[in-house]
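# Structural overview for review
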Amino acid sequence: MPYRPINKCLPVTMDIRLQHRYSDIGTDLSRCTHFNKIEVLRLLQLHYMLTKENTVPMDKFQFIQFMDIFLGLRNVDAIDKIFLLSCKTNKELTGPEFVKVLSMVLKGTLPDLINFCFEVYTEMVRSPKYIKKEDVLLMAKRNSMKMCKLMNMEEYDQSFVDFVMAELDKDRDSRISLEDYRNAVHENVAWLQFLGPILPSSSRKEAFMKLFTNRPYINNIQTTAAAMTRKNRESTARMKSTASQIDIASSTSFSSDSTGLMINRGTPQGTMSRRNQAVSDGNYLTLF
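As the structure is a computational prediction, the values presented were derived from the model and not from experiment.

## Describing helix α10 (residues 202-209)
- Regarding α10, the residues found buried are S202, K205, E206, F208 and M209. Viewed along the axis of α10, the buried residues span an arc of 165°, placing them on a single side of the element.

## Description of the side chain of S86
- Locating S86 in the fold gives a position in helix α4 (residues 76-86).
- For S86, a relative accessible area of 12% corresponds to the buried category.

## Points about unusual backbone geometry
- Even without being a glycine, R126 presents a positive backbone phi close to 60°.
- Relative to the assigned elements, R126 resides in the loop between α6 (110-124) and β1 (131-132).
- A residue is classified by how much of its surface remains accessible, and R126, at 75% relative accessible area, is exposed.
- The residue R172 is not glycine, and still its phi comes out positive at about 55°.
- Note on placement: R172 falls in the loop between α8 (154-168) and β2 (175-176).

## A closer look at the packing of helix α3 (residues 60-71) against α4
- Two numbers describe how α3 lies on α4: the axes approach to 10 Å, and their chain directions differ by 125°. Here α4 runs oblique to α3, going by the angle between their axes. Judged by the sense of rotation from one axis to the other, the crossing of α3 with α4 is right-handed. On α4, the residues that touch K60, F63, I64 and M67 of α3 are V76, I79, D80, I82 and F83.
- Residue composition of the contact of α3 with α4, by class: seven nonpolar, no polar and two charged.

## Concerning the packing of helix α2 (residues 37-50) against helix α5 (residues 95-107)
- Running from N to C, α2 and α5 cross one another at 120°; their axes reach a closest spacing of 9 Å. Here α2 is positioned oblique relative to α5, judged by the angle of their axes. In this structure, the crossing between α2 and α5 has a hand that is right-handed. Of α5, the residues touching α2 (which contributes V40, L43, L44, L46, H47 and L50) are G95, P96, F98, V99 and L102.
- In terms of residue class, the contact of α2 with α5 is built from nine nonpolar, two polar and no charged.

## With respect to the packing of aromatic side chains
- Here the structure, examined in full by the defined rule, presents 12 aromatic pairs.
- Aromatic side chains F118 and Y181 sit 5.4 Å apart centroid to centroid with 35° between the ring planes, which places their arrangement in the tilted category. Of this pair, F118 sits in helix α6 while Y181 sits in helix α9 (residues 178-187); the two residues are 63 residues apart in sequence, bridging distant segments of the chain. Both residues of the pair, F118 and Y181, belong to the buried class.

## Quick look at empty space enclosed by the protein
- By the definition in use, this model includes two cavities of 30 Å³ or more.
- Its boundaries defined by the atoms lining it, the second largest cavity holds a volume of some 40 Å³.
- Lining of the second largest cavity is provided by L106, K107, G108, L113, K205, Y217, I218, N219, N220 and I221.
- Elements that contribute at least two residues to the lining of the second largest cavity include exactly α5 and α11 (220-245).
- Its residues assigned to classes, the lining of the second largest cavity comprises five nonpolar, three polar and two charged.

## Digging into a nonpolar patch on the surface
- The grouping of Y3, V12 and I16 at the surface amounts to a nonpolar patch, some 240 Å² of accessible area in total.
- Along the chain, V12 turns up in helix α1 (residues 12-32).
- Judged by its relative accessible area of 47%, V12 is partly exposed.

Procedures and definitions
- Residues numbered from 1 in each chain as written.
- Predicted model: local features only at pLDDT ≥ 70, side-chain atom pairs only at ≥ 80, totals over all residues.
- Heavy atoms only, no water.
- Buried < 20%, exposed > 50% of the residue type's maximum accessible area, 1.4 Å probe, protein only.
- Helix = DSSP H or I, 4+ residues; strand = E, 2+ residues; numbered from the N terminus.
- Arc of directions from axis to C-beta.
- Axes fitted to C-alpha atoms, helices over the stretch in contact; angles between N-to-C directions.
- Parallel < 35°, antiparallel > 145°, perpendicular 65-115°, else oblique.
- Left-handed = near helix turned anticlockwise from the far one by under 90°.
- Contact = heavy atoms within 4.5 Å.
- Nonpolar A, V, L, I, M, F, W, Y, C, P; charged D, E, K, R; others polar.
- Phe/Tyr/Trp six-rings, centres within 6.5 Å; stacked < 30°, edge-to-face > 60°.
- 1 Å grid on protein atoms, 1.4 Å probe; cavity = no way out; pocket = protein on both sides within 12 Å on 5 of 7 lines; lining within 4 Å.
- Points joined across faces, edges and corners; volume = space filled by probe spheres on them.
- Patch = residues over 30% accessible without salt bridge, like charges linked within 9 Å, V, L, I, M, F, W, Y side chains within 5 Å.
- Areas by Shrake-Rupley, 256 points an atom, 1.4 Å probe, with all protein chains shown as cover.
- Salt bridge = Lys/Arg side-chain N within 4 Å of Asp/Glu carboxyl O.

In structure tokens form, the structure reads like this:
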């Protein structure tokens, strides 16, 4: 079989050696991640280069640097928990673990991301199953300190907590379960990262993926959100139609923008409003 370079940044002999080394694990990872084998091999080689040709492990500090430089994610508390949750074998991030965590944060499906983000949040508040009201307040204060250190944000933080609990804690037990969180995200995807950023922005995901693949970037979250929005609108229309047939005014209303990524419920100062837009210009730059 003729030689096909995987990484043009490495000498040919090294590239060939690494292709042979990672061939089997590349096949296995391509079956359990959202990457194909070539993409897996390139990411494994990236891990190899970032760890100084495997002479040092990818520790927490290196992972934090990687997430900052390559993906623009600077929420150190969240990255710390992502690192701990990803290190299944030891205290360092191996090549396969590196590929798996990138598969989740770059191309994870919404159902998987709901479980992933909730697990990160519960690790951050050190509560394995629930996010309590006091945890939401604590996280709000942390985010306020990062955003505005000179202003008194206590009143705002309490308003934020009251709003979050009213929207997510439907059973009024003063805590948010995974089911509460899942239901809220299904209603509006903006709730996915309501306690601070865990995932890179759409534009940073696309920019990074251009380094190792020429496949077009697809925003799985945005696509799923749009599908859910259509489903919810159709469900609401059916409910209104049924109610009108029996001469009962429908009390159900649904409000969401076309992307499903915007909360428009009168949040304090509009701080929960955000849009996550995919950028695609068709030009794929690659270092490999």
